[in-house]
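Chain and residue survey
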Amino acid sequence: MERQGNAPPDDIPIVLAREGHHGPVIHAANRTARLSGIHPGSRVVDMRAICPELQVEYADPAGDRAAIQALGCRADAARLAATRYASVRA
């Protein structure tokens, strides 16, 4: 699933997976997947047997960290700009 800023429909079971010792394992699951019997830590292949319509995306911890850091930098810049603006107005 490509990151587009749109959340998937609530009725689609979706999980994030990561590589495990014996193949991909579930890292996180949305509510629909959990209600279908999908559990974090389980192998993707086993969970697809329970829920054939399961949508699997691979977790990207490094990408998530980079995005969070970028958001932090933007927040710092906005805070600095607000401080400068407030000091000019005072």
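What you are looking at is a predicted structure, and each value in this text was computed from that prediction instead of being measured. (Residues numbered from 1 in each chain as written. Predicted model: local features only at pLDDT ≥ 70, side-chain atom pairs only at ≥ 80, totals over all residues. Heavy atoms only, no water.)

**Considerations on the overall build of the protein chain**
Let me state the cut-off plainly: The helix count covers DSSP runs of H or I at least four residues long, the strand count covers runs of E at least two residues long, and both are numbered beginning at the N terminus. Working definition: with a 1.4 Å probe on protein chains only, accessible area under 20% of the residue-type maximum means buried, over 50% means exposed, and in between means partly exposed. For this analysis, residues touch if any pair of their heavy atoms sits within 4.5 Å. What sets the accessible areas is the Shrake-Rupley method with a 1.4 Å probe; for residues, cover comes only from the shown protein chains.
Check the secondary structure of the protein chain and you find three helices and three strands. In the protein chain, the order of α-helices and β-strands from amino to carboxyl end is β-β-α-α-β-α. A total of 90 residues make up the protein chain; the buried ones form 18% of that total. In the protein chain, once contacts between residues fewer than 6 apart in sequence are set aside, the share between residues at least 24 apart is 29%. With an accessible surface of roughly 6800 Å², the protein chain has 56% of that area assigned to carbon and sulfur atoms.

**Considerations on the pattern of salt bridges**
To keep things clear, this is the line we draw: Whenever Lys or Arg places a side-chain nitrogen within 4 Å of a carboxyl oxygen from Asp or Glu, that contact is recorded as a salt bridge.
In total, this model carries one salt bridge according to the counting rule given. In this structure, Arg-43 and Asp-46 form a salt bridge, with 3.0 Å as the shortest nitrogen-oxygen distance.

**Some details on the sheet that holds strand β2 (residues 23-29)**
Filter applied, for reference: Two strands are said to pair when DSSP picks up at least two bridges between them. Helix axes are fitted only over the stretch in contact, all axes being lines through C-alpha atoms; the angle between N-to-C directions runs from 0 to 180 degrees.
Pairing is mixed across the open sheet formed by three strands, whose spatial order is β2-β1-β3. The sheet terminates laterally at β2 and β3 (55-58), the two strands that pair on one side only. Within the sheet, the average angular offset between the axes of one strand and its neighbour, ignoring direction, is 45°. In the sheet, strand β1 (residues 14-20) pairs with β3 via four bridges, with the strands oriented parallel. Among the inter-strand pairings, Val-15 is bridged to a residue of β3, identified as Val-56.

**A closer look at the side chain of Thr-32**
Just so we agree on the cut-off: What qualifies as a polar contact is a pair of N or O atoms within 3.5 Å, subject to a donor-acceptor requirement within protein and to the restriction that residues adjacent in sequence count only when both atoms come from side chains.
Topologically, Thr-32 is positioned in helix α1 (residues 31-35). A distance of 2.2 Å separates the side chain of Thr-32 from the backbone oxygen of Asp-10, its partner in a polar contact. In contact with Thr-32, other than residues within four places in its own chain, are Asp-10, Asp-11, Ile-12 and Pro-13.

**As for the nonpolar core**
Nonpolar side chains in soluble globular proteins generally cluster together in the buried interior. Counted only if it meets this: Only buried Ala, Val, Leu, Ile, Met, Phe, Trp, Tyr and Cys residues count toward a nonpolar core, and they belong to the same one when joined by side-chain atoms within 4.5 Å.
Ranked by size, the top nonpolar core spans 11 residues in total: Val-15, Ala-17, Ile-26, Ala-29, Ala-33, Ile-38, Val-44, Met-47, Cys-51, Leu-54 and Val-56. When residues of this core are traced back to their parent elements, those giving at least two are β1, β2 and α2 (44-50). The residues touching Met-47, leaving out its near neighbours within four places in the chain, are Ile-26, Gly-37, Ile-38, His-39, Ser-42 and Leu-54.

**Considerations on the pairing of β1**
Consecutive side chains of a regular strand alternate in pointing toward one face of the sheet and then the other. Across six bridges, the pairing between β1 and β2 is antiparallel. Bridging across to β2, Leu-16 finds its partner in Ala-28.

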